[in-house]
Amino acid sequence: MTWRDYDYFASLDWGFNAPFALYFWLCLPDGRYHIVREWKQSGVYAEDFAKRFWTIAKEDLGLGRPRYVVAGGDIKSKSGLKGNKGESVYETFQFYGLPMKDADKDRKNGWFRVQELLRPSPFGTPWLTMDPSCTYLIRTIASAPSDTDDPDELDAHFTD
């Protein structure tokens with residue numbers, strides 16, 4: 001079985017001046033997930049990002065079309081440079097064939113779900129594993145602090 005045989009989705013925390021982080025999640029047959037690739041970079045325009053997404057997915061990883069690419073709603077903003085009300089980043093991604101999906105804004109539940117995915121499955125391995133090359137993600141999850149006022153919440157001011 002090759003990676004092309006698996007369904008996958010991608011998750012994106014978009015940034016232009018601040019780096020974005022994109023992750024390719026394989027959906028394994030036993031219900032677990034494996035993040036196979038991380039792409040973190042700044043200064044990439046939306047059109048260039050979309051084109052590079054397909055190069056990574058198809059040529060580098062041998063994957064087909066993702067179920068979806070989940071991203072925060074901030075990429076729907078049409079504020080643009082100097083008040084330009086043109087196409088949003090979200091619309092650019094859709095134009096280039098990325099099946100976009102809005103991220104859930106529930107940070108508390110999201111952090112809880114990450115913790116659940118890192119617990120052992122009945123198979124002995126965590127529900128979520130990551131390729132060792134995903135150094136930014138591994139480092140960030142390991143050092144992410146809880147909010148001082150609510151230990152069940154991720155500190156919203158945490159930056160790596």
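Residues numbered from 1 in each chain as written. Predicted model: local features only at pLDDT ≥ 70, side-chain atom pairs only at ≥ 80, totals over all residues. Heavy atoms only, no water.

Comments concerning the nonpolar core
Soluble globular proteins tend to pack their nonpolar side chains together in the buried interior. Of all hydrophobic cores here, the largest spans 29 residues; its most connected members are L12, F24, F49, F53, F93 and L98. Among the elements of the structure, β1 (7–13), β2 (20–27), β3 (33–41), α1 (46–60), β4 (69–71) and α2 (89–95) are those that each provide at least two residues to this core. Per-element accounting of this core gives the leading share, seven residues, to α1. Apart from residues no more than four positions distant in its own chain, L12 is found in contact with F20, A21, L22, F49, V69, V70, A71, G72 and F93. The next biggest cluster of nonpolar side chains, apart from the first, holds 12 residues, and it includes A21, Y23, W25 and L117. (Core = buried A, V, L, I, M, F, W, Y, C linked by side-chain atoms within 4.5 Å. Buried < 20%, exposed > 50% of the residue type's maximum accessible area, 1.4 Å probe, protein only. Helix = DSSP H or I, 4+ residues; strand = E, 2+ residues; numbered from the N terminus. Contact = heavy atoms within 4.5 Å.)

Digging into the packing of aromatic side chains
A full pass over the atoms with the stated rule returns 16 aromatic pairs. Between the aromatic rings of W14 and F93, the centroid separation amounts to 5.4 Å while the plane-to-plane angle is 80°, which identifies the pairing as edge-to-face. Here W14 is found in the loop between β1 and β2, whereas its partner F93 is found in helix α2, with 79 residues between them in sequence. Note on accessibility: W14 and F93 belong to one class, buried. Summarising the aromatic geometry, the rings of F49 and F93 are spaced 4.9 Å apart at their centres and angled 35° between planes, so their arrangement reads as tilted. With F49 in helix α1 and F93 in helix α2, this residue pair connects regions lying 44 residues apart in the sequence. Taken as a pair, F49 and F93 share a single burial class, namely buried. Linked through ring pairs, W14, F20, W39, F49 and F93 together constitute an aromatic cluster. Note that K58 overlies the ring of W54, its terminal NZ or CZ placed 4.9 Å from the centroid. (Phe/Tyr/Trp six-rings, centres within 6.5 Å; stacked < 30°, edge-to-face > 60°. Lys NZ or Arg CZ within 6 Å of the ring centre and 35° of its normal.)

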